[in-house]
Amino acid sequence: MTSPQNDPAPQPPQGHTHAHRHSHGPAAPVSRHLRKVIAAVLIPFATAVVVGLIAFWPGGVPDHERTGVGFDRQTQDGKVVQVVNVDCADVNAAQVPPTGDTSTPSGREAVNEQEGECAKATIEVTSGDDKGRRFVEVVQPDAPRQLKEGQGVVVAYAPDAPRDLQYSVIDVNRKIPMAMLAGIFALAVVLVGRMRGVMALVALAVSFAVLTLFILPAILQGSNPLVVAVIGASAIMLAALYMCHGVTARTSVAVIGTLISLLLIGLLGSLFIGWAGLSGNTDDNTGLIKGLYPDIDMSGLLLAGIIIGSLGVLDDVTVTQTSAVWELHQADPEMGWKGLYRAGIRIGRDHIASVVNTLVLAYAGAALPLLLLFSIAQSSVGTVANSELVAEEIVRTLVGSIGLVASVPVTTVLAALVVSADRAGPGGAQAATAAPARTGRGRRRKTG
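Residues numbered from 1 in each chain as written. Predicted model: local features only at pLDDT ≥ 70, side-chain atom pairs only at ≥ 80, totals over all residues. Heavy atoms only, no water.

Asks: Talk me through the overall build of the chain; I want residue IDs and the actual numbers.
Replies: Scanning the chain from terminus to terminus reveals 14 helices and 5 strands. Relative to its 448 residues, the chain shows a buried fraction of 36%. Relative to all contacts within the chain whose residues are 6 or more apart in sequence, the contacts with residues 24 or more apart total 73%. (Helix = DSSP H or I, 4+ residues; strand = E, 2+ residues; numbered from the N terminus. Buried < 20%, exposed > 50% of the residue type's maximum accessible area, 1.4 Å probe, protein only. Contact = heavy atoms within 4.5 Å.)

Put into structure tokens, the structure is as follows:
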């Protein structure tokens, strides 16, 4: 026990000790009693997730007869070996409208097909059973995708078509630039995040594995999309949070906060998707899925997408809030749970304001072409919002944002209660903070 006149002297060392401990060591452990309470909640939850994964494991994507429509086509790699400019009139059968009217898109297109200069590209198939086979593709002058010699392309194969029409170019091969971008991303994460960055990449790989090996095939097998999404999202959450942030009480509190928020999102999403009469079948892709697999619940698929899409942002918010409360407690171990909550919620308000704005802008950016179409049609805001395509995005954004907002007070109060209740316990945070402080003062007296 130091005397009152010596109290001012240890203050700078204590601040130094806290900074040193935070930079190089883990967070102070909680008491054994609190660890048991947290384990009593999380172990049954994790067990239920594992049982759900086993019970609903699909064993692969079900087979179906290809329709040759949209993404449901056989594709191979190809390469443009030659491009020759030719007169469009020599290679097109289209006719100019008798009136010569070019005020409509179809009229202008017909004129370009007769009077413009087209590209006649020779394509060589570079993969599959027909490797080395060549075919000709005519590219119109106003086509959005122009072909260049040496360019890699993706070609569609229609086995039932006449031989000369079996292959056609459907896209550009982007594998190399996409792989380069992924490599740059991984390198940046590892260079900045060090070991945490490596674990984040591993967690990302696990997330994609759960998505592609469990969630998507299970839905295609006819399992309830909502149940599958909850099980898959829970597995992703457990793997990602514990791998990136360690098996600690702090991470466990973030997991519980995320789980409560996901349940809220699921309930609100289910309520408003049903109330608003959203079918989930709004475009060619969802129509194709429904045609190939009629038993899929498309509205349930929409709800599953909302849950999975919200998970990534929820992880960020809950981990940030839990870490903030833990650091506030280490900075002032005498602060009660109410003080910790008030301080943590002030941090959360700043965070949530930026995150909600980011979420809304992300959805708006994804739907920008659709919004442009409504703008061109000069539709009113009410008409736009009432259309199912836009209503889906509105429900997706608002339900996810409500869950995001709710996660801040929920996680903050959980963290404040856990870390403050641990103060008086044996082996708690107070004891853990005192020992390093004495060690730090001893080191400084020795070096001084």
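Asks: Explain the pattern of salt bridges residue by residue, including any values.
Replies: Applying the stated criterion across every chain, the model contains 6 salt bridges. The closest approach of N and O atoms between Asp77 and Lys175, which form a salt bridge, is 3.3 Å. Of the two residues, Asp77 is situated in strand 1 (residues 74-87) and Lys175 in helix 5 (residues 175-220); the sequence distance between them amounts to 98 residues. Measuring nitrogen to oxygen at the nearest pair gives 3.4 Å for the salt bridge that ties Arg133 to Asp130. Judged by its relative accessible area of 23%, Asp130 falls in the partly exposed class. (Salt bridge = Lys/Arg side-chain N within 4 Å of Asp/Glu carboxyl O.)

Asks: Describe the packing of aromatic side chains, naming the residues involved and giving the relevant values.
Replies: Under the definition given, this model contains 4 aromatic pairs. Pairing Trp57 with Phe214 gives two aromatic rings, centres 5.8 Å apart and planes at 25°, and the pair type is stacked. Pair noted here: Trp57 is in the loop between helix 2 (32-56) and strand 1 and Phe214 is in helix 5, with a separation of 157 residues, a long-range link. Phe214 sits in the buried class, given a relative accessible area of 0%. Consider the rings of Phe135 and Tyr167, whose centres lie 5.9 Å apart with planes at 20°: the pair is stacked. Remark: Tyr167 occurs in strand 5 (residues 167-172) and Phe135 occurs in strand 3 (residues 134-139); sequence separation between them is 32 residues. (Phe/Tyr/Trp six-rings, centres within 6.5 Å; stacked < 30°, edge-to-face > 60°.)

Asks: Break down the packing of helix 6 (residues 225-245) against helix 7 (residues 249-275) for me, with residues and values.
Replies: What describes two packed helices is the angle between their axes and the distance between those same axes. Closest axis-to-axis distance for the helix 6/helix 7 pair is 10 Å, and the angle between their directions is 155°. Compared by their axis directions, helix 6 and helix 7 come out roughly antiparallel. With respect to the hand of their crossing, helix 6 and helix 7 are arranged in right-handed fashion. Touching Met237, Leu238, Leu241, Tyr242 and His245 of helix 6 are Thr251, Ser252, Ala254, Val255, Thr258, Leu259 and Leu262, all from helix 7. For the contact of helix 6 with helix 7, the class distribution of residues is 8 nonpolar, 4 polar and no charged. (Axes fitted to C-alpha atoms, helices over the stretch in contact; angles between N-to-C directions. Parallel < 35°, antiparallel > 145°, perpendicular 65-115°, else oblique. Left-handed = near helix turned anticlockwise from the far one by under 90°. Nonpolar A, V, L, I, M, F, W, Y, C, P; charged D, E, K, R; others polar.)

Asks: Outline the nonpolar core, supporting the account with residue identities and numerical values.
Replies: Formed by 56 residues in total, the largest nonpolar core has its most connected members in Leu42, Ile215, Met237, Val255, Ile273, Trp326 and Leu404. Elements with a contribution of two residues or more to this core: helix 2, helix 5, helix 6, helix 7, helix 9 (298-331), helix 10 (337-366) and helix 13 (388-421). It is helix 9 that contributes the most residues to this core, 11 residues altogether. (Core = buried A, V, L, I, M, F, W, Y, C linked by side-chain atoms within 4.5 Å.)

Asks: Give a description of the state of the cysteines that names residues and reports values.
Replies: Overall, the coordinates contain 1 disulfide when judged by the stated rule. At a sulfur-sulfur separation of 1.9 Å, the disulfide partner of Cys88 is Cys118. In this structure the cystine formed by Cys88 and Cys118 twists about its S-S bond by roughly 110°; its chirality is therefore right-handed. Taken together, the residues span a long stretch of sequence, with Cys88 in helix 3 (residues 88-91) and Cys118 in strand 2 (residues 117-125) at a distance of 30 residues. By the burial criterion, Cys88 is buried, and Cys118 matches it. (Disulfide = S-S within 2.5 Å.)

Asks: Could you give an account of the pairing of strand 1, with specific residues and numbers?
Replies: Sheet topology places strand 1 next to strand 4 (residues 152-157); 6 bridges connect them, and they run antiparallel. Within the sheet, the bridge partner assigned to Gln74 lies in strand 4 and is Tyr157. Strand direction decides the pairing type here: strand 1 and strand 2, joined by 9 bridges, are antiparallel. Residue pairing for strand 2: Gln82 is matched across the bridge by Thr122. (Pairing = 2+ DSSP bridges.)

Asks: So what's going on with the side chain of Glu137? Which residues, and what values?
Replies: Inspection of the secondary structure assignment puts Glu137 in strand 3. One polar contact links the side chain of Glu137 to the main-chain amide nitrogen of Val169, over a distance of 3.3 Å. For Glu137, the residues in contact, after removing those within four places along its chain, are Ala119, Lys120, Ala121, Ile123, Leu147, Ser168 and Val169. (Polar contact = N/O pair within 3.5 Å; in protein donor to acceptor, adjacent residues only side chain to side chain.)

Asks: Run through the sheet that holds strand 3, naming residues and quoting values.
Replies: Taken together, the 5 strands give an open sheet; going across it, the order is 3-2-1-4-5, and neighbouring strands pair in antiparallel fashion. Two strands lie at the open edges of the sheet, namely strand 3 and strand 5, each paired on one side alone. Geometrically, the sheet is characterised by an average inter-axis angle of 45° between neighbouring strands, direction not taken into account. Note: strand 2 against strand 3, 6 bridges, orientation antiparallel. Each bridged residue has a counterpart across the sheet, and for Ile123 the counterpart in strand 3 is Phe135.

Asks: I'd like a description of helix 5, backed by residues and values.
Replies: The first and last C-alpha atoms of helix 5 sit only 27 Å apart over 46 residues, clearly below the 68 Å expected at 1.5 Å per residue. Approximately 140° is the largest bend angle found in helix 5, and it occurs at Gly193. Inspection of helix 5 places Gly197, Ala203, Ser207, Val210, Phe214, Ile215, Pro217, Ala218 and Ile219 among the buried residues, and these make up the whole buried set. On its buried side, helix 5 packs onto helix 2, helix 6 and helix 9. Phi for Gly222, located one or two positions after helix 5, is positive at around 105°. (Expected span 1.5 Å × (residues − 1). Bend = angle between axes of the 7 residues up to and from the residue.)

Asks: Outline a nonpolar patch on the surface, supporting the account with residue identities and numerical values.
Replies: A contiguous nonpolar surface patch, about 290 Å² in accessible area, is contributed by Val190, Met195, Val198 and Val202. Mapping Met195 onto the fold places it in helix 5. You can call Met195 exposed: its relative accessible area is 56%. (Patch = residues over 30% accessible without salt bridge, like charges linked within 9 Å, V, L, I, M, F, W, Y side chains within 5 Å. Areas by Shrake-Rupley, 256 points an atom, 1.4 Å probe, with all protein chains shown as cover.)

Asks: How would you sum up the environment of Arg349? Please name residues and give values.
Replies: Within the secondary structure, Arg349 sits in helix 10. Along the chain, Arg349 and Val405 lie 56 residues apart, while their C-alpha atoms are 8.8 Å from each other.

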